[in-house]
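The lines below spell out each chain.
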Amino acid sequence: MTAALHNSSLHSLPLLARGKVRDNYAVGEDRILMVATDRLSAFDVIMGEPIPGKGALLTRVALFWFARLGHLVPNHLTGEDPLSVVAADEVAQVRDRSMLVKRLKPLPVEAVVRGYLAGSGWKEYQESQSVCGVALPAGLTNAARLPAPIFTPATKADVGDHDENIAFERMVEIIGLDLATRVRDVSIQLYQTAADFALTRGIIIADTKFEFGLDEHGTLTLMDEVLTPDSSRYWPVEQYDAALAAGANPPSFDKQYLRDWLETAQVDGRPWDKTAPAPALPDEVIAYTTAKYQEALDRLMGG
């Protein structure tokens, strides 16, 4: 396995931004090199230790879904080799973990689709029997499957801040009715298509978030990552019924193990307060987290 990459440092391209996971570099005026590092964030704090191989795994999962869903909506992939735009001494940082994509005008709203009640959706449902203004039937429990997938948009937050759930009406105010309606409809279609396929591989996709942008012609385009364990809740189907009966979420194929460990972690003899810096991760937490990402990929690819 190649060395873990916590931060990329390319001298041949200008850095546009470092996100929680990806480092984005400008390639001319019209393209971006997205490098998926091995960084891991939890509770909106980036961990000090990388998860070896995570960036390459996320990239493979995203490319898998872009290929499977390309008939539903255009995406930002250029089809060009990311290695073709970096210097020879930078290839090792970029190989297998990068996408060379079109530069788009990003929409300032995240498209979240939920097929199951979990996380902030479950919390909101308990208070109002609705999620983001979408009324739901009474009597649902944590991890319950919804009668049909629902669209629950969110505003994008800066690194370190929390995204904020909003009602569809607020999304209309931000980007207009036509665009909001198209984003909602295609997002539900993308989710349903992916969730149906994932079930055949023993994975429940409980919810996910998509990001969209507009190209130079104003065409709605799927961008960023898509349907990875970082942007989606992946549950093993064989553990779903028992978890539902217990009113709990099934164990996720992502960083749930890490989150659970962080809830009990101590810094200077006190529970960690979920602000940077994060506690140092033990080797076994890193290894287990890596294994969960790998298992998600293996199931998806039929491995």
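That block above? That's the structure.
Attention here is on the structure that accompanies the text. Just so we're clear, the structure is a prediction, and the values are computed from it rather than from any experiment. (Residues numbered from 1 in each chain as written. Predicted model: local features only at pLDDT ≥ 70, side-chain atom pairs only at ≥ 80, totals over all residues. Heavy atoms only, no water.)

### Some thoughts on the overall build of the protein chain
In terms of regular secondary structure, the protein chain is built from 8 helices and 18 strands. Relative to its length of 303 residues, the protein chain is compact, with a C-alpha radius of gyration of 19 Å against a globular reference of 19 Å. Taken over the C-alpha atoms alone, the protein chain extends approximately 60 × 55 × 40 Å along its principal axes. Counting all 303 residues of the protein chain, 50% fall into the buried class. Residue pairs at least 24 apart in sequence account for 65% of intrachain contacts in the protein chain once pairs closer than 6 positions are excluded. Of the roughly 13,800 Å² that the protein chain leaves accessible, carbon and sulfur atoms contribute 52%. Within the protein chain, one finds 29 positive and 41 negative side-chain charges whose respective centroids are separated by 2 Å. (Helix = DSSP H or I, 4+ residues; strand = E, 2+ residues; numbered from the N terminus. Rg over C-alpha atoms; globule rule 2.2 N^0.38 Å. Buried < 20%, exposed > 50% of the residue type's maximum accessible area, 1.4 Å probe, protein only. Contact = heavy atoms within 4.5 Å. Areas by Shrake-Rupley, 256 points an atom, 1.4 Å probe, with all protein chains shown as cover. Lys, Arg positive; Asp, Glu negative; His and termini not counted. Charge placed at Lys NZ, Arg CZ, Asp CG, Glu CD.)

### Regarding the packing of helix α7 (residues 256-264) against helix α8 (residues 283-300)
It is the contact of α7 with α8, at a shortest axis distance of 9 Å, that shows an interaxial angle of 155 degrees. Overall, the two elements α7 and α8 adopt an arrangement that is roughly antiparallel. Between α7 and α8, the residues in contact are Tyr257, Leu258 and Trp261 and Glu284, Val285, Tyr288 and Thr289, respectively. In terms of residue class, the contact of α7 with α8 is built from 5 nonpolar, 1 polar and 1 charged. (Axes fitted to C-alpha atoms, helices over the stretch in contact; angles between N-to-C directions. Parallel < 35°, antiparallel > 145°, perpendicular 65-115°, else oblique. Nonpolar A, V, L, I, M, F, W, Y, C, P; charged D, E, K, R; others polar.)

### Looking at α8
With 18 residues, α8 should reach 26 Å at 1.5 Å per residue; the first-to-last C-alpha distance of 26 Å fits that figure. Listed in full, the buried residues belonging to α8 are Val285, Ile286, Thr289, Thr290, Lys292, Tyr293, Ala296, Leu297, Arg299 and Leu300. Tucked inside the fold, the buried residues of α8 contact α1 (54-69), α5 (177-200), β14 (203-214), β16 (232-236) and α7. Of the residues one or two after α8, Gly302 is the one with positive phi, at around 80 degrees. (Expected span 1.5 Å × (residues − 1).)

### Some thoughts on the sheet that holds strand β3 (residues 31-36)
Pairing is antiparallel across the open sheet formed by 4 strands, whose spatial order is β1-β2-β3-β6. Only two strands of the sheet have a single neighbouring strand rather than two, namely β1 (15-18) and β6 (98-102). Each strand of the sheet is rotated relative to its neighbour by a mean of 20 degrees, with strand direction disregarded. In this structure, strand β2 (residues 22-27) lies alongside β3, joined through 6 bridges in antiparallel fashion. (Pairing = 2+ DSSP bridges.)

### Let's talk about the pairing of β1
Relative to β2, β1 is paired through 3 bridges, and the arrangement is antiparallel. Each residue of the ladder has a partner; that of Leu15, found in β2, is Tyr25. Counted along the chain from β1 to the antiparallel partner β2, the turn is 3 residues long.

### Some remarks on the pattern of salt bridges
Here the structure, examined in full by the defined rule, presents 18 salt bridges. The closest approach of N and O atoms between Arg182 and Asp178, which form a salt bridge, is 3.4 Å. Here Asp178 and Arg182 lie together in helix α5, a separation of 4 residues that amounts to about one turn. With a shortest N-O distance of 2.9 Å, Asp207 and Arg233 are connected by a salt bridge. (Salt bridge = Lys/Arg side-chain N within 4 Å of Asp/Glu carboxyl O.)

### Observations regarding the nonpolar core
If you look at the biggest cluster of nonpolar residues, it comprises 68 residues, and the most contacted ones within it are Met47, Trp65, Phe210, Phe212 and Tyr234. Broken down by element, the residue count for this core peaks at 10 residues, all from α5. Sequence-distant contacts of Met47, defined by excluding residues within four places in its chain, comprise His6, Leu40, Ala42, Leu258, Leu262, Trp272, Ala278 and Leu281. Listed in part, the 12 residues of the second largest apolar core include Leu10, Val27, Val85 and Leu100. (Core = buried A, V, L, I, M, F, W, Y, C linked by side-chain atoms within 4.5 Å.)

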